[in-house]
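Per-entry structural report
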Amino acid sequence: MSTPLRIATRASRQALAQSSAAAAALRAATGREVELVEVNTTGDIRADVPLHTMGGQGVFVKEVQLAVLDGRADLAAHSAKDLPSAPADGLTIAAFTERRDPRDALIGSTLGDLAEGATVASGSVRRRAQLRRVRPDLAFAELRGNIDTRLSKIPDGGAIVMAVAALQILEITDRITETLGIDEFVPAVGQGCVAIECRSDDVGTIAALATIDHAVTRHDVEVERAFLAELGSGCSLPVGGHVVSGVLRTFLANLDSGVSVSDQIELSGTIEADVDLARAAAASAHGAVS
């Protein structure tokens with residue numbers, strides 16, 4: 001009888017729900033039992049510290065990855081938007097699960113109903129930059145913590161911003177006041193997708209994960225990650241990149257000057273060519289805001 005597959009995951013309600021969904025898919029596809037291994041991460045422990053001051057991407061994934069590397073788990077499940085664009089030594093992303101709704105949403109008020117000077121709470125510099133471009137009158141406040149904590153911190157007369165996918169997995173989309181369109185509010189790279197890593201030499205686990213790897217999502221997120229990798233940036237830079245229907249939408253802003261650029265790049269459908277296009281788009285965007 002096969003030993004259970006162990007999935008390392010953050011202990012937040014959202015992460016556990018995402019990992020449980022991946023576990024159910026693995027059980028159905030392979031017939032193997034799957035267990036969750038809960039891990040506390042730097043990003044969870046330091047929930048009172050703004051994300052953009054914590055060194056960029058990786059604050060929610062390093063300890064989860066370590067659990068796989070040291071043998072406590074076989075797999076590591078992450079929100080793909082939290083995963084650094086540079087691969088971790090000894091690990092491979094063996095599955096990208098089918099993407100949920102990648103958009104951002106306002107909770108508490110619609111954008112049009114926010115009074116002049118109203119406060120929007122968000123810990124994301126990307127979301128702030130995109131909202132500021134549309135509504136330069138808005139004020140902004142930090143927002144950290146688990147989903148329940150964030151939902152309790154809607155400013156008086158204001159709103160908070162959250163990922164629709166996070167609300168979907170917890171079945172609380174009824175809290176959404178307005179969903180923001182992708183054209184103006186380009187999502188974070190990988191938003192809405194769960195990426196699952198395993199050890200690069202673990203052939204059996206790689207084969208098991210291939211059964212739940214979603215080919216369209218893999219192509220799209222790999223192109224998005226190539227765009228981010230070329231920028232060499234993470235959470236500290238206001239950057240968005242999202243592929244849908246053969247088009248890469250990009251957003252990049254300069255925090256100091258307030259200059260921002262958006263673009264849409266038609267893709268070829270071939271991963272090698274599309275990665276090259278994403279890298280070229282990143283170089284062009286970076287030059288425009290530098």
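In this report, we go over the structure that sits alongside the text.

Calculation rules
- Residues numbered from 1 in each chain as written.
- Predicted model: local features only at pLDDT ≥ 70, side-chain atom pairs only at ≥ 80, totals over all residues.
- Heavy atoms only, no water.
- 1 Å grid on protein atoms, 1.4 Å probe; cavity = no way out; pocket = protein on both sides within 12 Å on 5 of 7 lines; lining within 4 Å.
- Points joined across faces, edges and corners; volume = space filled by probe spheres on them.
- Helix = DSSP H or I, 4+ residues; strand = E, 2+ residues; numbered from the N terminus.
- Expected span 1.5 Å × (residues − 1).
- Buried < 20%, exposed > 50% of the residue type's maximum accessible area, 1.4 Å probe, protein only.
- Arc of directions from axis to C-beta.
- Contact = heavy atoms within 4.5 Å.

**Regarding empty space enclosed by the protein**
A probe matching the size of a water molecule, rolled over the atoms, marks out where space remains unfilled. Counted under the stated rule, the structure contains one cavity of 30 Å³ or more. Put simply, the largest cavity is a space of about 90 Å³. Lining the largest cavity are 13 residues, with Arg10, Ala15, Gln18, His78 and Ser79 sitting closest to its centre. Taken together, the elements giving at least two residues each to the lining of the largest cavity come down to β1 (5-10), α1 (13-30) and β3 (75-79).

**Side note on helix α9 (residues 271-289)**
With 19 residues, α9 should reach 27 Å at 1.5 Å per residue; the first-to-last C-alpha distance of 27 Å fits that figure. All buried positions along α9 are accounted for by Asp274, Val275, Ala278, Ala281, Ala282, Ala285 and Val289. Take α9 and look down its axis: the buried residues cluster within an arc of 120°, on one side only. Away from its buried face, by an angle of more than 90 degrees, α9 presents the exposed residues Glu272 and Gly287. Those residues of α9 hidden inside the fold are in contact with α8 (215-231), β12 (247-253) and β13 (260-266).

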